[in-house]
Amino acid sequence: MLSRWDDAGPAGLSELDLLVYASRLIGSEPSLVVWGGGNTSIKSVERDYRDRAVRVLRVKGSGSDLKSIQKKDFPGVRLDDIHALLDRQDMADQEMVSYLAHGLIEPGGARPSIETLLHGFLPHYAIVHTHADAIVSLTNTDRPRATLESVYGRDVIRLTYRRPGFRISREVADAVAANPGAKAVVLEKHGTINWGATVREAYEATIELISRAEDAIAARKRGRRVFGPPRVGPLAPAERRALAVALAPRLRGRLGPSRRVILTYDDSPAVVEFASSPEAATLSQVGPSTPDHTIYTKRLPCCVPVERADDPEALWAAVDRSLEAFVKDYTAYFEANRFEGAELVDPLPRVVLVPGLGMFTAGRDRRTSGIVSDIYHHTIDVLGSASLFGQYMSLGAKDAFDVEYWPLELYKLTLAPPEKELARRIALVTGGASGIGKAVAHTLAAAGAHVVVTDVDEAGATRAADEIVTRVGGGRAMGIAMDVTSESAVRAAFEATVLAYGGLDILVSNAGVAHSAPVVRMQLGDWLHSFAVNATGHFLVAREAMRTLVAQGLGGALVFVATKNVMSPGKDFAAYSAAKAAEAQLAKVLALEGAPHGIRSNIVNPDAVFRDSKLWSPDVRRERAAAQGIDPDDIEEFYRKRNLLAVRILPEDVAEAVLFLASDRSSKTTGCTLTVDGGVKDAFPR
Ligand code: ZN
C-alpha cells in the first residue's frame, strides 16, 4: 500500500483540518476501513467556553464515515476527564457513554466513537485505528502469534480479541506503556493502532504496517490458487444473469414478508469464484473477519448447497431449504447468546451465496445492500488470504452476538432518519423523462421508493434519474431506455430492475402518445401506432410486472395513467380515445386477476396536463384546437375554464393521485378510477 500523502495538499492546514485530510485518505482505502469502520484522533490545546486553555481529544464521532468525514464529525472531549478514568479497572458501556457526554467541549455535539478511550488513554499526539484486511488476514487463523512474529518481529504488540470498550482500551494503554519500543498494536480479529507525533507520522506508520502485511500475503500467494477449482461449474454471464432474474423476486419475497428488502445481485469474478469453490460451504460458516462487519452482514451468510446451478426449480428448492435452515440456526444462535433486552427482529440472512451464480445481498435500501456487498467482498479477501497462513478463525459466536446486539453499535443505526412511506419499495415508471411520468418518479422517490425511470428517450430517462439521485441519494433511481411497444425492450428493462433492486412493488404505466384527426382522414399507421403505445404498451409492461409480482408474492400496485377521454371521448380523437379505453379495460381485468395475489390495479384519469408534456406536441395542440373551434394559443385557457373548478391541471396533481393509489393508503382499493381533471361532468366515473 502506497502513502497517498500529498506534500503540497495539506500545507498550511490547521491541526483539525490536517486530521480531516488524513482521515479521508484512510477512508478512501476500502482495504483499510469499510463503511464507518476505523477511527482517528489528535490531542491538542483548545480554548473552552470560558476562554481557558484545556487539553482536548478530537476523535471521530460515532456513525460518521472516514472517507467523507468533516471537522464537525470530530467531537472534542476534555482529556482531564478521560485521564481520570485511568484509575478504574472496568466501566460499563452505558456509563462510559454518559461519562464522555459530560466531557464534551461542545454540548450536544456528535457522540464520540465507541473506541474513544482507546485513543484517549494513549499518550501520543495522533492515533490511527483501522480494520485493515491485510492485518486480520494475519490474525484470523489458528496461529496468529507465529504469523505476526514472522512478519513484524518484535515491532508490534499483539492483543487477543476483546470487544471494543473500556477494558480493551485499558489493555492497549498498559501494553504500550510496558513496551516503549513497539511501533504499533495489532488487535486480533479486529485491526491496527498506530501513532505519531504528527498526523502524518501516524498515517505513514499505518501504511508501513499494512504494506508489510500485504508483502507477506503476496509472498505466500505467489503461484498458488487461493480457492480450489469450482465445485459447481460456473455458468456463462448471460446464463447466470437469466437465472438470477428468475431467482431474485422469489428470494426477495422470501426475505421480506414482514419488512421488504432491496436485494442486489453480484456476480463479480471474485464472488463467483468463492461461491463456487469447494471451500465456500465450510469457510463461509466460520464467522466474520472483524466485529463491525457483523452489524451489516450478520455473523454468517446463507450458503446454498447445490450441485448444479442450471435448473431454476431445483435451485429455488435448494435456496428455500437453505433459508429455512438459516432461520432455524439463527434463532438458535440468538437463544443461546441472548442477554437481557436483546430482541430478535430479523432471523433472515443478509448475504446469500449461490454456487455458480454469485451473491445476493439484502438491505433496507440500495445503499445498504451495496454496503453489505462491499463488506462481503472484503470478507472473501480475508478468508482467502488468512487460509494461506493457517486455518481461518473468527471471533466466536458469543463475541459476534455481543457486537451484533451491542446497544452502542445499534445506536449508530438509529442515526438514520425514520423510514418513509414507500421505503423499501421498488417502482418502475414508464414515460418518465417528462411531464406526468417525471413528476410521478419524483413524487414516489420523495416518498422513499427506489425508482426505475424508463422512457424511449434514454437521455431524458437518465437525466430524470440523476435528478432524483441528487435529491434523495445514491442508488435510489436509475434511468433505462425502454420502448413500451417492444417486447424485448420491456423484458430487458424489467430484468435490469430485478438485477439492481431484486424485484418490483409498483408499476406506473404512463407512457402515451396522442394523435388527433377525424376518422375519415385517419391513416392506418397512426391508428396502429396509437394502439401500439396506448394499448399494447400497457399490456407488455403490465404482463412483465405481473410475472415479477406474482413470483415475489408480496402483493403490489399497478397504476395506469389513462385519460378523461376514456369516460368522455372527444371528436377527432378516435385513435387516442379508443386505445386508452383498451388500457382502462386492461387495468380492470388486472384488478380481477391480481386480487388473489394481493396485487391492486387502479386508474388515474387526468385531463389537459400541458406542462412539460410530450403528448401535447404543436401538431396535437393545433388539431385539438381546431376540433374545439378555438385558436391554438387559447387552448390551455380553454381547457382550464372547461372544468368545474376552473383550474390548471399540473403533472404534480396527477402524481399525487398516483402516489395514493401506489401506496398502502389505498390498500383496500382496486379496479378504481380516480379523476384529476378539475371536475368534468361528462367524465364522472360511473
Ligand atoms: Zn475498531
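Being a predicted model, the structure only gives us computed values, none of them experimental.

Chemist: Could you clarify how one ought to interpret helix H20 (residues 524-552) in this entry?
Modeler: Over its 29 residues, H20 runs 40 Å from end to end, which matches the ideal 42 Å to within 8%, given 1.5 Å per residue. The largest bend along H20 reaches roughly 40 degrees and is located at threonine 536.

Chemist: Could you clarify how one ought to interpret the packing of aromatic side chains in this entry?
Modeler: Both the distance between ring centres and the angle between the ring planes are used here to describe each pair of aromatic rings. This model, assessed by the stated rule, comprises 18 aromatic pairs. Ring centres 5.7 Å apart and planes at 85 degrees place the aromatic pair phenylalanine 121 and phenylalanine 166 in the edge-to-face group. Of the two residues, phenylalanine 121 sits in the loop between helix H4 (116-120) and strand E4 (126-130) while phenylalanine 166 sits in helix H7 (residues 166-178), which places them 45 residues apart along the sequence. Of the two residues, phenylalanine 121 and phenylalanine 166, neither departs from the other in class, the shared state being buried. Ring plane angle 50 degrees and centroid distance 5.8 Å describe the contact between phenylalanine 610 and tyrosine 639, whose orientation is recorded as tilted. Here tyrosine 639 lies in helix H23 (residues 635-642) and phenylalanine 610 lies in the loop between strand E17 (599-606) and helix H22 (618-628), a separation of 29 residues in the sequence. Take phenylalanine 610: its relative accessible area is 7%, and that puts it in the buried class. Joined through ring pairs, the aromatic side chains of Phe326, Tyr330, Tyr333, Phe334, Phe339, Phe401 and Tyr405 make up one cluster. If you follow lysine 298 out to its NZ or CZ, it ends over the ring of tyrosine 330, 4.3 Å from the centre. Between arginine 624 and the ring centre of phenylalanine 573, over which it is positioned, the NZ or CZ distance is 4.0 Å.

Chemist: Help me understand the pattern of salt bridges in this model?
Modeler: Two side chains bearing opposite charge may form a pair once their charged atoms approach each other closely. Evaluated as defined, the whole model comprises 47 salt bridges. Notably, a salt bridge pairs arginine 163 with aspartate 93, separated by 2.5 Å at the nearest N-O pair. With arginine 163 in the loop between strand E5 (156-159) and H7 and aspartate 93 in helix H3 (residues 93-102), the pair connects residues that are 70 residues apart, well separated along the chain. Owing to a relative accessible area of 17%, aspartate 93 belongs among the buried residues under this scheme. Its salt-bridge partner being glutamate 467, residue lysine 438 comes within 3.6 Å of it at the nearest N-O pair. Of the two residues, lysine 438 sits in helix H17 (residues 435-446) while glutamate 467 sits in helix H18 (residues 458-472), which places them 29 residues apart along the sequence. The partly exposed category is assigned to lysine 438, whose relative accessible area is 21%.

Chemist: I'm lost on the environment of leucine 251 in this one. Help?
Modeler: Secondary-structure assignment places leucine 251 in helix H9 (residues 237-255). Leucine 251 sits in the buried class, given a relative accessible area of 1%.

Chemist: Where do I start with the sheet that holds strand E6 (residues 184-187) in this structure?
Modeler: Either a parallel or an antiparallel arrangement is found when strands of a sheet pair, and the pairing is made through backbone hydrogen bonds. What the seven strands build is an open sheet, ordered E3-E2-E1-E4-E7-E6-E5; its pairing is mixed. The outermost strands of the open sheet, each flanked by one partner alone, are strand E3 (76-78) and E5. Geometrically, the sheet is characterised by an average inter-axis angle of 25 degrees between neighbouring strands, direction not taken into account. Across four bridges, the pairing between E5 and E6 is parallel. For valine 156, the partnering residue across the bridge sits in E6 and is alanine 184. Those strands touched by helix H1 (residues 15-27) are strand E1 (39-47), strand E2 (53-59) and E4, and its axis lies near 175 degrees from that of E1.

Chemist: Explain the coordination of the zinc ion to me, please; I cannot follow it from the model alone.
Modeler: Reference geometry at the metal: tetrahedral coordination by four donors gives ideal angles of 109.5 degrees; octahedral coordination by six donors gives 90 or 180 degrees. Taken together, the protein ligands of the zinc ion are Glu115 (OE), His129 (NE2), His131 (NE2) and His190 (NE2), with distances of 2.1 to 2.3 Å. Here the zinc ion binds four donor atoms, and the angle range of 87 to 161 degrees at the metal identifies the geometry as irregular. Between consecutive donor residues of the zinc ion, the sequence gaps follow E-x13-H-x1-H-x58-H. Taken together, the positions of glutamate 115 in the loop between H3 and H4 and histidine 190 in the loop between E6 and strand E7 (191-196) put the pair 75 residues apart, joining distant regions of the chain. Of the two residues, glutamate 115 and histidine 190, both sit in the buried class.

Chemist: Explanation requested: the domain arrangement of the protein in the structure shown.
Modeler: According to the domain assignment, the protein consists of domain 1 (15-221), domain 2 (237-414) and domain 3 (426-615 + 649-675). At the boundary of domain 2 with domain 3, the tally comes to two salt bridges. For aspartate 505, the salt bridge goes to arginine 252, with nearest N and O atoms at 2.7 Å. Inspection of the region where domain 2 meets domain 3 yields eight residue pairs in polar contact (both at pLDDT 80 or more). Residue assignment for the side of domain 2 that touches domain 3 shows that the elements contributing at least two residues are H9 and strand E8 (262-266). Ranked by residues supplied to the side of domain 2 that touches domain 3, first place goes to H9 with eight residues.

Chemist: Would you mind going over the packing of H20 against helix H21 (residues 574-594) with me for this structure?
Modeler: Between two packed helices, both the angle of their axes relative to each other and the distance between the axes serve to describe the pair. Between H20 and H21, the shortest axis-to-axis distance is 8 Å and the interhelical angle comes to 15 degrees. Overall, the two elements H20 and H21 adopt an arrangement that is roughly parallel. Considering how the two elements wind past one another, H20 and H21 form a crossing that is right-handed. Side by side, H20 and H21 meet where Asp526, Trp527, Ser530, Phe531, Asn534, Ala535, His538, Phe539, Ala542 and Met546 of the first sit next to Ala574, Ala575, Tyr576, Ala578, Ala579, Lys580, Ala582, Glu583, Leu586, Leu590, Glu593 and Gly594 of the second.

Chemist: What's the story with the pairing of strand E15 (residues 506-509) in this structure? I'm lost.
Modeler: Burial along E15 is two-sided: Ile506 and Val508 facing one way and Leu507 and Ser509 facing the other are all buried. Relative to E15, strand E12 (residues 426-429) is paired through three bridges, and the arrangement is parallel. Note that in E15 the partner of valine 429 across the bridge is valine 508. When E15 meets strand E16 (residues 556-561), the two strands line up parallel, connected through four bridges. Looking at the pairing, valine 508 lines up with valine 559 of E16. Viewed along the sheet, the connection from E15 through H20 into E16 turns out right-handed.

Quick notes on the rules
- Residues numbered from 1 in each chain as written.
- Predicted model: local features only at pLDDT ≥ 70, side-chain atom pairs only at ≥ 80, totals over all residues.
- Heavy atoms only, no water.
- Helix = DSSP H or I, 4+ residues; strand = E, 2+ residues; numbered from the N terminus.
- Expected span 1.5 Å × (residues − 1).
- Bend = angle between axes of the 7 residues up to and from the residue.
- Phe/Tyr/Trp six-rings, centres within 6.5 Å; stacked < 30°, edge-to-face > 60°.
- Buried < 20%, exposed > 50% of the residue type's maximum accessible area, 1.4 Å probe, protein only.
- Lys NZ or Arg CZ within 6 Å of the ring centre and 35° of its normal.
- Salt bridge = Lys/Arg side-chain N within 4 Å of Asp/Glu carboxyl O.
- Pairing = 2+ DSSP bridges.
- Axes fitted to C-alpha atoms, helices over the stretch in contact; angles between N-to-C directions.
- Contact = heavy atoms within 4.5 Å.
- Donors = N, O, S within 2.8 Å, 3.2 Å for Na, K, Ca; no water.
- Tetrahedral: all angles 85-135°; square planar, octahedral: opposite > 155°, others 65-115°.
- Domains from an automatic or database assignment.
- Polar contact = N/O pair within 3.5 Å; in protein donor to acceptor, adjacent residues only side chain to side chain.
- Parallel < 35°, antiparallel > 145°, perpendicular 65-115°, else oblique.
- Left-handed = near helix turned anticlockwise from the far one by under 90°.
- Right-handed = clockwise from strand over helix to strand, strands pointing away.

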